[in-house]
Structures are given as structure tokens and as C-alpha cells.
Amino acid sequence: MSKTTSRASDPNPIVREVYDELGALLDRGDDAFVEEGPTLLSEAIERDGFFENVTTDPAAPDEYTREKVIGDPGEHVIRFMEWPPGYTLCPHEHHGRPCFEVLVDGHLVVTDLERTRVGDGKYTFEVIDSQVTRPGEAAVVDPRENEIHAVYSPVRSRSLHVYPDDHWRAFGYELVDGDADVYERREFQLRDPDAARDCDGE
Ligand SMILES: [Fe+2]
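Residues numbered from 1 in each chain as written. Predicted model: local features only at pLDDT ≥ 70, side-chain atom pairs only at ≥ 80, totals over all residues. Heavy atoms only, no water.

1. Overview of the nonpolar core
One finds L22, L41, F50, V69, I78 and L160 to be the most contacted residues of the largest nonpolar core, which totals 24 residues. Within the residue set of this core, elements represented by two or more residues are α1 (13–28), α2 (30–44), β1 (65–70), β2 (77–83), β4 (99–105) and β9 (157–163). When residues of this core are assigned to their parent elements, the largest contribution, seven residues, is made by α1. Every residue in contact with L41, bar those within four places of it in the chain, is listed here: V18, F50, F100, V102, L160 and V162. Within the second largest apolar cluster, 14 residues are counted, among which are V77, L89, C99 and Y163. (Core = buried A, V, L, I, M, F, W, Y, C linked by side-chain atoms within 4.5 Å. Buried < 20%, exposed > 50% of the residue type's maximum accessible area, 1.4 Å probe, protein only. Helix = DSSP H or I, 4+ residues; strand = E, 2+ residues; numbered from the N terminus. Contact = heavy atoms within 4.5 Å.)

Given below as C-alpha cells:
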């Protein structure tokens, strides 16, 4: 069950309400979470007062930010990302659980990728599909259907992301020096869960 005991850091009651509703969806399972959660959050951000005390750190030219909006200990979390213009988040994996984002402003492209192993820990990628999100629209990332994706923001963009749990570790793929097409899989460790870092599983 979702806990509602840690209210000290709630930014406002509207955020708490949608957070608890998302927790109730997760209690019903991951399918309910990704099928009904995006609409729930899209509607919530239209309500007066949702963004009271909900802010992003300004993103520097070469990194995105991931401010925690709300998240009870051991429970799901809502994060507010800001993406600088022309930013690419390299291919990365999530953690076997689905998540989703709702775009607040700007424009984001989420591209699903399929990997082919070409050596020890080395892969090439093919594009399977791309989702473009505009303000108010949602994109679901479901590792049960496809594990790896990349993100591109052509202009400064902000998005709310909901994760079933709040991880510190992730796997990402970096281009191998001297090879135009081959990526190397590596683990990333976040020193600070609120710090921006490439390939951290956004
Ligand atoms: Fe991601």
C-alpha cells in the first residue's frame, strides 16, 4: 500500500492527491499504472495550483536536471526534469518496471532502440520507433515491451516523470572511442539521487 505519512516535503495538496492516486494504481499493478497514470497526471497539471512549489533547476547547456517533486520512502516518485536545447540522452535501460513522462513545455523525442551484440559488452542499435511528446502529452517507457531508449530535446523542455521506485543505479550505453556505430554498456552510479548525470536512466 502507498504510505501517506511523510507529508513534510509535499509541495502542495494537489501534488499529494495525484501522488496517492498513482500509488493506488500501482497497488493494482503495472498495467493499471501505465494505462491510467498518464491521463491522471496530464489532468492534474491542468489544475490551478499544481505547480505551486514545483520547480525545476535550470538546466546547464550540457546536462539535464531531475528535481524530486514528491516520493515517500520506498515508494514511487515524481521527478521534474529540465532538458537543455539540443540535448541527447544516450541509450539507456530502465529497471524492468514501466514508467511514464508528461511533457510540461517544449518538445521531447523518445526513441525505442533494439540492440545487437557485436562484442563483449558492445552493441549496435536499430531504431524501432519514436514518440514525440508535446505539452500535455505523455510517453510510456515499458521495459516489458522494449528495454532501451534514447531521449532528444530540440528546444529547452520540461517534463514530469513518474517511476514506480527511485533507483540510484542504471545501465547506459556510450559510444566507443574511434568507432562511429558501436556502443559499450556500462553501469552508472548516482552519487546524489537529485544530481543530473548522463545515462542515469532519467
Ligand atoms: Fe529513460
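From this point, the narrative continues.
2. Details of the pairing of β2
In terms of burial, β2 is a largely internal element, seven of the seven residues being buried. By the alternation rule, side chains of β2 split into V77, R79, M81 and W83 and I78, F80 and E82, which are all buried. By the bridge criterion, five bridges tie β1 to β2 in an arrangement that is antiparallel. Across the sheet, T65 pairs through a bridge with E82, a residue of β2. The hairpin formed by β1 and β2 contains six residues between the paired strands, and G74 there has a positive phi angle of roughly 75°. Pairing between β2 and β9: seven bridges, direction antiparallel. Looking at the pairing, W83 lines up with S157 of β9. (Pairing = 2+ DSSP bridges.)

3. Comments concerning unusual backbone geometry
Even without being glycine, N53 reaches a positive phi, approximately 65°. Tracing the backbone shows N53 in the loop between α2 and β1. Classification of N53 by relative accessible area gives exposed; the value is 57%.

4. Brief notes about the confidence of the model for the protein
When the pLDDT values of the protein are averaged, the result is 88; 89% of them are 70 or greater. Per-element mean pLDDT across the protein ranges from 86 in strand β11 (residues 183–189) up to 98 in α1. Every residue in residues 1–6 is under pLDDT 50, and counting partners more than four places away or in other chains gives 18 contacts. Within the model, pLDDT remains below 50 along residues 191–202, and this stretch shows 48 contacts once partners closer than five positions in the same chain are excluded. (pLDDT = per-residue confidence, 0-100.)

5. A closer look at the sheet that holds β4
Neighbouring strands of a sheet are bound in pairs by backbone hydrogen bonds; such pairs are parallel or else antiparallel. Ordered by their spatial adjacency, five strands build an open sheet running β1-β2-β9-β4-β7, and the pairing between neighbours is antiparallel. For this open sheet the edge positions go to β1 and β7 (138–141), each flanked by a neighbour on one side alone. For this sheet, the mean angle separating the axes of adjacent strands, direction not counted, is 25°. Along the sheet face, α2 touches β4, β7 and β9 and points at about 20° away from the line of β4. (Axes fitted to C-alpha atoms, helices over the stretch in contact; angles between N-to-C directions.)

6. Structural notes on the environment of A44
Take A44: it is sitting in helix α2. On the accessibility criterion, A44 (6% relative accessible area) is buried. Remark: the alpha-carbon pair of A44 and E17, spanning 27 residues in sequence, is separated by 9.0 Å. Setting aside its immediate chain neighbours within four residues, A44 contacts I14, V18 and F50.

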